[in-house]
Amino acid sequence: MSRAAEIIKKTRPYAPALFLVLAVAAGGLRSPGAWLVFGALFLPWAALAPRGFSRPGLTAPVLFFSWLAAAAFFSPEPAFSVGAFSRYAVFGLLFFYAASSEEGGAGWLAAVCGLGAAAAAVFISQRLSGHGPTGLIGANPNYSAAFCAAAFPAVLLALSGAGDKKRRSYYWALALLLAAGLYASGSRGAALAAFLSAAAGLGFTRRWGGLAALFSAGLAIAAFLPSSAWEGLLKFADPRAFERPRLWGAALEAAASSPLLGWGPGLFGRAFEVFKFPYFDGLSYYGHSTLHAHSEILNLAAEAGFPAALFFLLAAAAALASGGKEKLPLKLCALAVLIQGSADMIYYSGAVALLFWGSLGFSAGGGQAVPAVVILPAPENGGSGFRGKGALAALCFAGLALAPAAALFSGRQEFLARSYGEAQRGHNPALALALARSAALDSPKDAFRAADEGRAFAAAGDAAGAEAAFGRALSLEPGFAGARLGLALVYAASGLRGEACAEFARLEKAPAAAQLNPYQRGLADFDRPAAEKTKKELCGKKKTGAATAFPRRT
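As the structure is a computational prediction, the values presented were derived from the model and not from experiment. (Residues numbered from 1 in each chain as written. Predicted model: local features only at pLDDT ≥ 70, side-chain atom pairs only at ≥ 80, totals over all residues. Heavy atoms only, no water.)

1. Describing the overall build of the protein chain
Helices and strands together make up the secondary structure of the protein chain, namely 26 helices and zero strands. Within the protein chain, the fraction of its 554 residues that count as buried is 48%. A sequence separation of at least 24 residues applies to 73% of the contacts in the protein chain between residues at least 6 apart. Carbon and sulfur atoms form 64% of the exposed surface of the protein chain, whose accessible area is close to 24,900 Å². (Helix = DSSP H or I, 4+ residues; strand = E, 2+ residues; numbered from the N terminus. Buried < 20%, exposed > 50% of the residue type's maximum accessible area, 1.4 Å probe, protein only. Contact = heavy atoms within 4.5 Å. Areas by Shrake-Rupley, 256 points an atom, 1.4 Å probe, with all protein chains shown as cover.)

Here's what the structure looks like:
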C-alpha cells in the first residue's frame, strides 16, 4: 500500500489529465459498465492520493453535493438515483482534489487542449469524407465539440500573450484547427460558448487588440459564409432543433411540481414523459423522448429541486471568482463548458462533466500558477495522508454498482416478466388491466400505453373504460390506427353501429405503415384485412329497426 501511495505521489501532476483522457476513451462515460471500469481505476487513486479534499471558502460546492445526496435518498427510485449521485460524487472528488492541489493544472490544460485538437481533427476528417460529424464520443457531436470549445479560449489567450514568433505560429495553428473543428461539428452551442468565453478572457486581461480581432473575425465569417453553410450551421432543415425552449419549459414544469427535492437524480426521462409537449412530425405528436433537459441547470432543477440548481450556479461562481488571475486559462475552459451546458445536453456524457468539474477545481486552486502554454509541468512533492478517503471511495464505487446490481439481482424484472406473461395468456384479465393501468399512469402521454389499457378494459368487459382509454390514446395521437380500430370494435360490441362505422370510415384514410421510425410504424400499422372484413359485415348494408350488436372482440 505504501509503495502504491509513493507511485501515486510521484505521478500526481499527470494523473487527473490521464483520467480525463481515459474518460473520453471509455466512450465518454455514458453507460453503467464504462462508469464501473472508470470508477475501479479512479477511486483507488482518489483514496491514496497524497492530498486532502478540502478548499477554504468553497461552501457552495459542499451544499450542492450534499443536496444531491438528499435528493437521491428521497428519490422514488433510490437505487437508480444513488447510482446517478455516485457519478456526481466522482466529479466532486476530482473537484475538491483539484481545488486543494498545488500542481496538476498545467497538465490538465494540456489534456484539454490535446483532446480539443483531436476532436477538431476528427470533425474535419469526417466532413471531408462526406460523413456526418459525430466526433470522438458517441453519435452526438456536442460531446466532442465541448472539448473544442473549452480549449479554444485558452489557446486564443495564449496566442494574444505569446512573445516569440515560434510560439505564436504554434498557437495560430492550434486556434485555427479548433475553430475549423467547431465549424465542422455543426454545434451552435459549442461555437457560441467558445466565442463568449474567449471574448471574456480577452476583455478581462484588457487585450483590446485581440478582442477586436476576434469580433472582426466573427463579422467576416458572418459576411462571407455562404447561405448554404448558415443553413447547415443553424440547422434550418431540422425543425426539432428549434423546439428547445419548449423542452426547457417542460423541465421547469417538472421542477415546479416538485420544487424542493425534484424527481430524483437521473430520472429526468421519467419526468419528461409526464410533462412532454406535442410535436407534430407529419404523423405523430408524442414520438419523442429525452434523458436530459438539454440544460444542466434546468436538468438539476427537475431532478433535485430548485435549490440544487441554485447551489450549482453558486458553486461555479465561487470557484471562478477564487483562485487567481494566473488561473484564467482554466477558468475560461470551465466557463465555456458552463455556457454550452446551459443549452446542450453535454453533461449526459460523464467525460464532459469531468472536464467541467476538473477545470473548475483547478481554476479555484491556489499555489502554483498555470502558464498559458500547453506543456506538462515537472512533478513536485508534498501532500497529505489517507484521512478516511478509502471508505468514501468504497461507498462511491458501491453506489456506481448499485443500479446495475439492482436491475440484475432484485428480482423486479423477473417478476414483471412473469406478470406480463400471465396477463398475455389471457387467464387473468384483472392482472392485465392492473398492469396496463399502472403503465398508463406512469406515462400519461404515451398513446400505446393508453391503447393497451383500452384493450385490457375490453377484455374485462368494461366497455365504458375501454372507450375512454381508446379515446385518450386518439386524443394524444389522432393518427393511431390501432387505437381507432379498437374503439370501432368497442362501439360495435356495445351496439353503437353508427359510431363503429364512422370509425371504420376514418380507418380507410389511415396512411400506410411504411413510415420513418418504429414509433410511426406502430401508429400506422393495424390489421387491415380484419378491419375491412368487419366493416363489410357491420356496415355493408342498411339495418332496420334496432341496432344490431356486434360480437365483442378482445
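Text resumes after the structure shown.
2. Remarks on the pattern of salt bridges
Going through the model one piece at a time under the given rule, you end up with nine salt bridges. Between R472 and E453 there is a salt bridge, with the nearest N and O atoms lying 2.3 Å from each other. With R472 in helix 22 (residues 463–476) and E453 in helix 21 (residues 447–459), this residue pair connects regions lying 19 residues apart in the sequence. For R472, a relative accessible area of 32% puts it in the partly exposed group. Here the salt bridges share partners, and the residues they tie into one network are R437, E453 and R472. (Salt bridge = Lys/Arg side-chain N within 4 Å of Asp/Glu carboxyl O.)

3. Focus on the state of the cysteines
By the definition in use, this model includes one disulfide. Bridging C501 to C539, the disulfide has an S-S length of 1.9 Å. As the torsion about the S-S bond is roughly -100 degrees, the C501-C539 disulfide counts as left-handed. Within this pair, whereas C501 is found in helix 24 (residues 497–507), its partner C539 is found in helix 26 (residues 528–539), the two being separated by 38 residues in sequence. Judged by relative accessible area, C501 falls into the buried class, the value being 16%. Taking relative accessible area as the criterion, C539 reaches 22% and is therefore assigned partly exposed. This cysteine, C333, is not joined by any disulfide, and C113 carries the nearest cysteine sulfur, 6.1 Å off. (Disulfide = S-S within 2.5 Å.)

4. Describing the packing of helix 4 (residues 59–73) against helix 14 (residues 296–304)
Packed helix pairs are characterised by how far apart their axes lie and by the angle those axes make with each other. Where helix 4 meets helix 14, the closest approach of the two axes is 10 Å, and the angle between their N-to-C directions is 45 degrees. Relative to helix 14, the element helix 4 lies oblique. Here F64, W67, L68 and A71 of helix 4 come into contact with helix 14, specifically with L300, E303 and A304. Of the residues in the contact of helix 4 with helix 14, the class split is six nonpolar, no polar and one charged. (Axes fitted to C-alpha atoms, helices over the stretch in contact; angles between N-to-C directions. Parallel < 35°, antiparallel > 145°, perpendicular 65-115°, else oblique. Nonpolar A, V, L, I, M, F, W, Y, C, P; charged D, E, K, R; others polar.)

5. Remarks on the packing of aromatic side chains
With the rule as written, the count across this model stands at 33 aromatic pairs. Ring centres 5.2 Å apart and planes at 55 degrees place the aromatic pair Y170 and Y171 in the tilted group. Judged by its relative accessible area of 43%, Y170 falls in the partly exposed class. On the basis of relative accessible area, Y171 is assigned to the buried category, the value being 4%. Geometrically, the ring pair formed by F268 and F272 is stacked, given 6.2 Å between the ring centres and 25 degrees between the ring planes. Linking F268 with F272, this pair stays in helix 13 (residues 268–275), spanning four residues, or about one helical turn. By the burial criterion, F268 is buried, and F272 matches it. (Phe/Tyr/Trp six-rings, centres within 6.5 Å; stacked < 30°, edge-to-face > 60°.)

6. Points about the nonpolar core
Soluble globular proteins tend to pack their nonpolar side chains together in the buried interior. Counting residues in each nonpolar core, the largest one holds 103 residues, and the members touching the most others are F42 and F356. At 15 residues, helix 7 (residues 141–161) tops the list of elements feeding residues into this core. If near-sequence neighbours (up to four positions away) are discounted, F356 is found in contact with F312, A316, A334, V337, L338 and Y347. In terms of nonpolar packing, the next biggest core, distinct from the first, is built from 37 residues, A436, A458, A466 and L489 among them. (Core = buried A, V, L, I, M, F, W, Y, C linked by side-chain atoms within 4.5 Å.)

7. A look at the environment of A309
Relative to the assigned elements, A309 resides in helix 15 (residues 306–321). C-alpha separation for the pair A309 and L68, spaced 241 residues apart in sequence, amounts to 10.0 Å.

8. Observations concerning helix 24
The periodicity of an α-helix, 3.6 residues per turn, causes residues three or four positions apart to be oriented the same way. Where helix 24 is concerned, the buried positions are R497, A500, C501, E503, F504 and L507. For helix 24, the buried positions fall inside an angular range of 160 degrees around the axis, keeping them on one side. Where helix 24 is buried, its residues touch helix 23 (481–493) and helix 26. (Arc of directions from axis to C-beta.)

9. Regarding the environment of A353
Here A353 lies in helix 17 (residues 350–364). For the pair A353 and E296, spaced 57 residues apart in sequence, the C-alpha separation works out to 9.8 Å. With sequence-adjacent residues up to four places away left out, A353 is seen in contact with F91 and Y347.

10. Considerations on unusual backbone geometry
Phi at L29 is positive, roughly 55 degrees, even though this residue is not glycine. Among the residues examined, L29 registers a relative accessible area of 1% and is labelled buried. Residue R206 is not a glycine yet carries a positive backbone phi of 60 degrees. Residue R206 is classed as exposed on the basis of its relative accessible area, which comes to 63%.

11. Things to note about the packing of helix 24 against helix 26
Where helix 24 meets helix 26, the axes come as close as 10 Å, and the angle between the chain directions of the two elements is 145 degrees. In this structure, the crossing between helix 24 and helix 26 has a hand that is left-handed. The segment helix 24 lies against helix 26, with R497, A500, C501, F504, A505 and L507 engaging A531, T534, K535, L538 and C539. Broken down by class, the residue content of the contact of helix 24 with helix 26 amounts to eight nonpolar, one polar and two charged. (Left-handed = near helix turned anticlockwise from the far one by under 90°.)

12. Here's the deal with the environment of L58
Note that L58 resides in the loop between helix 3 (32–48) and helix 4. When the C-alpha atoms of L58 and S322 are compared, they prove to be 8.8 Å apart, with 264 residues separating the residues in sequence. Not counting chain neighbours up to four residues away, the residues in contact with L58 comprise F95, A99, A318, A319, S322 and A364.

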